[in-house]
Amino acid sequence: MSAAALVSPMTGHPLMGLPTGFQAEDGTLYPTTNGITDLLDVRLADAAMQAELDVFETIPIEKVCYFRSVLFQRILGLVLPLMRAAGVPPACVEIGGGEGYLAGAFHHAAPDHTGYVCDLSIRALGNADPALVRLRADVRFPYLPPNSLGLAAFWVSLHHFSSDDARRSLDVAVSSLAPGGLLLAFEPNDDFLPRHQFSRMRISRQVYFDDEEKSLNWRTIDALARAAELRLRHCVGVNPPYSLPFLRHFRLWPLFLIATETLYRFDRLFKHDSRWWRAGESGPLGLGTGSYLLGVWQKPFSGTGL
Ligand SMILES: C[S@@+](CC[C@H](N)C(=O)[O-])C[C@H]1O[C@@H](n2cnc3c(N)ncnc32)[C@H](O)[C@@H]1O
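Residues numbered from 1 in each chain as written. Predicted model: local features only at pLDDT ≥ 70, side-chain atom pairs only at ≥ 80, totals over all residues. Heavy atoms only, no water.

**Structural notes on the pairing of strand E8 (residues 149–155)**
- Where burial is concerned, most of E8 is hidden: 7 out of the 7 residues are buried.
- Sheet topology note: the E8/strand E9 (residues 177–188) ladder contains 6 bridges and is parallel. Following the sheet pairing, phenylalanine 154 is matched in E9 by alanine 185. (Buried < 20%, exposed > 50% of the residue type's maximum accessible area, 1.4 Å probe, protein only. Helix = DSSP H or I, 4+ residues; strand = E, 2+ residues; numbered from the N terminus. Pairing = 2+ DSSP bridges.)

The structure is reproduced here in structure tokens:
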């Protein structure tokens, strides 16, 4: 699938489509190879980008989703009705999307909607569903035009950025959202105390790909979203159902399976599924009880209170 419209990472101006890729006003070429458009621009490369590339181009785990599909179904059950009610463009981007499992679930739940997956790693994008628009881009710089998206999702990715880079990537994402569009973040939750205890244990080295695994708290993301003039719609703590093929990559997988499944069952027992998910509307709910935080913010419609 080829992208309908892209912008220059250098200027944010529209790129011209060519049979073999895209071209900027200054003549810079951004090629499309095997269905992946490469918007990486050496003029913007820095140590942070190189460090992420070093980790994710060589990561020993590939072609596997961290979570079971029921998680994606629940999240889409929350955001698709909000998008329809807001009348926003039927398009979603998974930012730092890797192999694009959220974007893929979005596209399959609503095949008339466009799913973009945007990541630095050409290897990860090569494993993503070709039905998605696959963009190799540094998400700290522009890639999609203003007002082109109904949903921009940081899915297990925002915690990889420094605070300055998180703000830049979030501002870029918000500028591509149409009024009424949604920003979603699903990130490791710093308010979940067992996460801190686990990260101090030696076995945590088996699961964390970086030397230092970071997590985010709701206040940090909410402050970024509010600075971008977004309004909070939902924020809840979630214990996701991990997929067995992912867990089996780790030597002590039976232990991780028992721990994550116990937490997930706790959610199923006490959080009443969709009613719980909808409940985080007036403020964060149960953040201390979830290893992940799910936050949804909405871009105001111009001239309205929202
Ligand atoms: C933990 S992975 C999550 C991938 C995917 N969302 C998933 O859940 O399977 C984080 C991803 O963020 C990407 N990433 C980090 N910094 C980035 C940047 N500046 N621009 C684009 N992608 C970036 C990495 O390449 C990596 O694939």
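**Observations concerning the packing of aromatic side chains**
- In total, this model carries 13 aromatic pairs according to the counting rule given.
- A ring pair is formed by tyrosine 242 and phenylalanine 246, whose centres lie 6.2 Å apart and whose planes are at 20 degrees; its orientation type is stacked.
- Counting every residue linked through ring pairs, the aromatic cluster contains Tyr66, Phe67, Phe72, Trp155, Phe186, Tyr242, Phe246, Phe250, Phe256 and Tyr292.
- We note arginine 195 situated over the ring of tyrosine 292; from NZ or CZ to the ring centre the distance is 5.4 Å. (Phe/Tyr/Trp six-rings, centres within 6.5 Å; stacked < 30°, edge-to-face > 60°. Lys NZ or Arg CZ within 6 Å of the ring centre and 35° of its normal.)

**A word on the pattern of salt bridges**
- According to the stated counting rule, one finds 15 salt bridges in the structure shown.
- One salt bridge in this structure joins glutamate 261 and arginine 68, with 3.0 Å as the shortest N-O distance. Of this pair, glutamate 261 sits in helix H9 (residues 253–270) while arginine 68 sits in the loop between helix H1 (47–56) and helix H2 (69–86), and the two are 193 residues apart along the sequence.
- Residue classification places glutamate 261 among the buried residues on the basis of a relative accessible area of 17%.
- Given a relative accessible area of 27%, arginine 68 falls into the partly exposed group.
- A salt bridge links lysine 271 to aspartate 267, with the shortest nitrogen-to-oxygen separation between them at 2.9 Å. Accessibility classification places lysine 271 together with aspartate 267 in one group, the buried group.
- Among the charged side chains, a salt-bridge network with shared partners connects Asp46, Asp138, Arg140, Asp165 and Arg168. (Salt bridge = Lys/Arg side-chain N within 4 Å of Asp/Glu carboxyl O.)

**Focus on the sheet that holds strand E7 (residues 133–136)**
- Taken in spatial order, the 11 strands line up as E1-E2-E3-E4-E7-E6-E5-E8-E9-E11-E10 in an open sheet, and their pairing is mixed. Each having just a single partner strand, strand E1 (16–18) and strand E10 (231–238) make up the two edges of the open sheet. Averaged over all pairs of adjacent strands, the angle between their axes in this sheet comes to 20 degrees, without regard to strand direction.
- In terms of strand pairing, E9 meets strand E11 (residues 292–298) through 7 bridges, oriented antiparallel. Looking at E11, one finds that proline 188 is bridged to tyrosine 292. (Axes fitted to C-alpha atoms, helices over the stretch in contact; angles between N-to-C directions.)

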